[in-house]
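Reading the structure
Listed below, chain by chain, are the residues.
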Amino acid sequence: MELKNVILEKEGNIAIVTINRPKALNALNSETLKELDTLVDTLENDQDIYSVIITGAGDKAFIAGADITEMKDLNTMEGRSFSILGNRVFRRIENLEKPVIAAINGFALGGGCELAMACDIRIATQKAKFGQPEVGLGITPGFGGTQRLARHVGIGISKEIIFTSRMVKADEALRIGLVNKVVEVEKLMEEAKLMANTIAANAPIAVKLSKVAINRGMQCDIDTALMYEAETFGQCFSTEDQKEGMAAFVERRDKSFKNK
Ligand code: CAA
């Protein structure tokens, strides 16, 4: 499939995915979502990619939402299908067995805020603005916003943001835990790459299993969650990287992980 609206670049062991429809503020139409879906196959299968950054092209927006021009004439079944498509792609990103960092500048609204929330870590610029403006368009959030926002910031704040459809500036996003870090505009990609490379320098299987354990554990009771942790912890001892990491510590030398 030829990719028109998303760009994949690789730098060493990190991948940079750019949503590239700057004239429409990177709004997500179904074509872009399908391309992103295809691109997730590559992210999954490329064993040399250890961590991923998702960002938006241009200097105005990460993503200004799902494409309103495409949505405006949908009927009930088409609306449902559009939501299922977005949710499926975002869930694949959330479940990708590699850490995903959202690098957010400008508007992250509706589907943009929802994509950012499906990522593992969010780095925003001082110019970032978040929001779920859907009720102002006569719809509910449809790519996970009714579910993930509450999981990130709590039910009360989530309801306030969704019901009022107000925008949340970067400093508030940091305060309520919607983003991990706020940086200057010029530093965004540098910071995101620094974090992606820091993660990529650790044992990739251990990072992957940590993500799996955290994600699964958040969906169940603490006893089941701690069993997941014991399972993932145990699995690490079948890896070469565990032997290498601990040998390097004991021998006081630099480690060299192989993703094995
Ligand atoms: N869908 C389609 N096109 C969009 C868009 C969107 N979500 N957001 C912006 N655009 C387009 C505009 O139509 C405009 O195109 P033209 O130049 O062809 O007219 C271009 O991007 C630039 O946008 P503006 O001229 O509006 O830029 P601005 O700086 O004046 O305003 C903005 C920026 C406040 C983000 C404004 O564009 C806006 O409010 N966009 C819509 C935001 C929104 O409501 N997002 C939620 C969508 S619903 C959703 O996402 C549902 C879901 O959960 C799945």
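Residues numbered from 1 in each chain as written. Predicted model: local features only at pLDDT ≥ 70, side-chain atom pairs only at ≥ 80, totals over all residues. Heavy atoms only, no water.

Where helix α3 (residues 76-95) meets helix α4 (residues 111-118), the closest approach of the two axes is 8 Å, and the angle between their N-to-C directions is 25°. For the element pair α3 / α4, the angle class is roughly parallel. Of the residues in α4, those in contact with Phe90, Ile93 and Glu94 of α3 are Gly111, Glu114, Leu115 and Ala118. Its residues placed into classes, the contact of α3 with α4 shows 4 nonpolar, 1 polar and 2 charged. (Axes fitted to C-alpha atoms, helices over the stretch in contact; angles between N-to-C directions. Helix = DSSP H or I, 4+ residues; strand = E, 2+ residues; numbered from the N terminus. Parallel < 35°, antiparallel > 145°, perpendicular 65-115°, else oblique. Contact = heavy atoms within 4.5 Å. Nonpolar A, V, L, I, M, F, W, Y, C, P; charged D, E, K, R; others polar.)

According to the stated counting rule, one finds 18 salt bridges in the structure shown. Two residues, Arg92 and Asp37, come together in a salt bridge whose shortest N-O distance is 2.7 Å. With Arg92 in helix α3 and Asp37 in helix α1 (residues 30-45), this residue pair connects regions lying 55 residues apart in the sequence. The salt bridge involving Arg253 is made with Glu251; its shortest N-O contact spans 2.7 Å. Each of Asp37, Asp41, Glu44, Arg88 and Arg92 takes part in a single network of salt bridges with overlapping partners. (Salt bridge = Lys/Arg side-chain N within 4 Å of Asp/Glu carboxyl O.)

Okay, the nonpolar core next. One finds Val52, Ile54, Phe62, Ile93, Ile104 and Phe130 to be the most contacted residues of the largest nonpolar core, which totals 46 residues. Not counting residues up to four positions away in its chain, the partners in contact with Val52 are Ala15, Val17, Leu43, Leu96, Pro99, Val100 and Ile101. Counting 15 residues, the second largest nonpolar core, distinct from the first, contains Val183, Ala192, Ala200 and Val207. (Core = buried A, V, L, I, M, F, W, Y, C linked by side-chain atoms within 4.5 Å. Buried < 20%, exposed > 50% of the residue type's maximum accessible area, 1.4 Å probe, protein only.)

Space inside the largest pocket adds up to approximately 710 Å³. Looking at the largest pocket, it is lined by 27 residues, and the ones nearest its centre are Glu94, Asp120, Ile214, Asn215 and Met218. Put simply, the parts of the chain that give the lining of the largest pocket at least two residues each are α3, α4, β7 (121-125), α5 (145-153) and α9 (204-217). Of all the elements, α9 adds the most residues to the lining of the largest pocket, at 7 residues. Tallied by class, the residues present in the lining of the largest pocket amount to 10 nonpolar, 8 polar and 9 charged. The residue makeup of the lining of the largest pocket includes at least three contributed by each of domain 1 (6-200) and domain 2 (204-251). Looking at the second largest pocket, its volume works out to about 490 Å³. For the second largest pocket, the lining is made up of 25 residues, of which Ala66, Met71, Glu134, Ile139 and Thr140 are closest to its centre. (1 Å grid on protein atoms, 1.4 Å probe; cavity = no way out; pocket = protein on both sides within 12 Å on 5 of 7 lines; lining within 4 Å. Points joined across faces, edges and corners; volume = space filled by probe spheres on them. Domains from an automatic or database assignment.)

Taken together, the neighbourhood of the ligand is formed by 23 residues, with Lys60, Ala66, Gly111, Glu114 and Glu134 sitting nearest. Here Ile68 contributes a backbone N or O atom positioned 2.9 Å from a nitrogen atom of the ligand. Side-chain polar atom of Glu114 to an oxygen atom of the ligand: 2.6 Å apart, as the coordinates give it. In the complex, the protein chains occlude 63% of the 980 Å² of accessible area that the ligand would expose alone. Residue assignment for the shell around the ligand shows that the elements contributing at least two residues are α2 (68-71), β6 (107-109) and α4. Here the residues of the shell around the ligand are counted per class, giving 14 nonpolar, 4 polar and 5 charged. (Near = heavy atom within 4 Å. Polar contact = N/O pair within 3.5 Å; in protein donor to acceptor, adjacent residues only side chain to side chain. Areas by Shrake-Rupley, 256 points an atom, 1.4 Å probe, with all protein chains shown as cover.)

Attention now goes to helix α6 (residues 155-164). Listing the buried residues of α6 in full gives Ser158, Ile161 and Ile162. Across the axial projection of α6, the buried residues extend over an arc of 90°, all falling on one side. In this structure, α6 carries Gly156 and Phe163 as exposed residues pointing more than 90 degrees from its buried face. Buried residues in α6 make contact with α5 and β9 (168-169). One or two positions beyond α6, positive phi appears at Ser165, with a value near 55°. (Arc of directions from axis to C-beta.)

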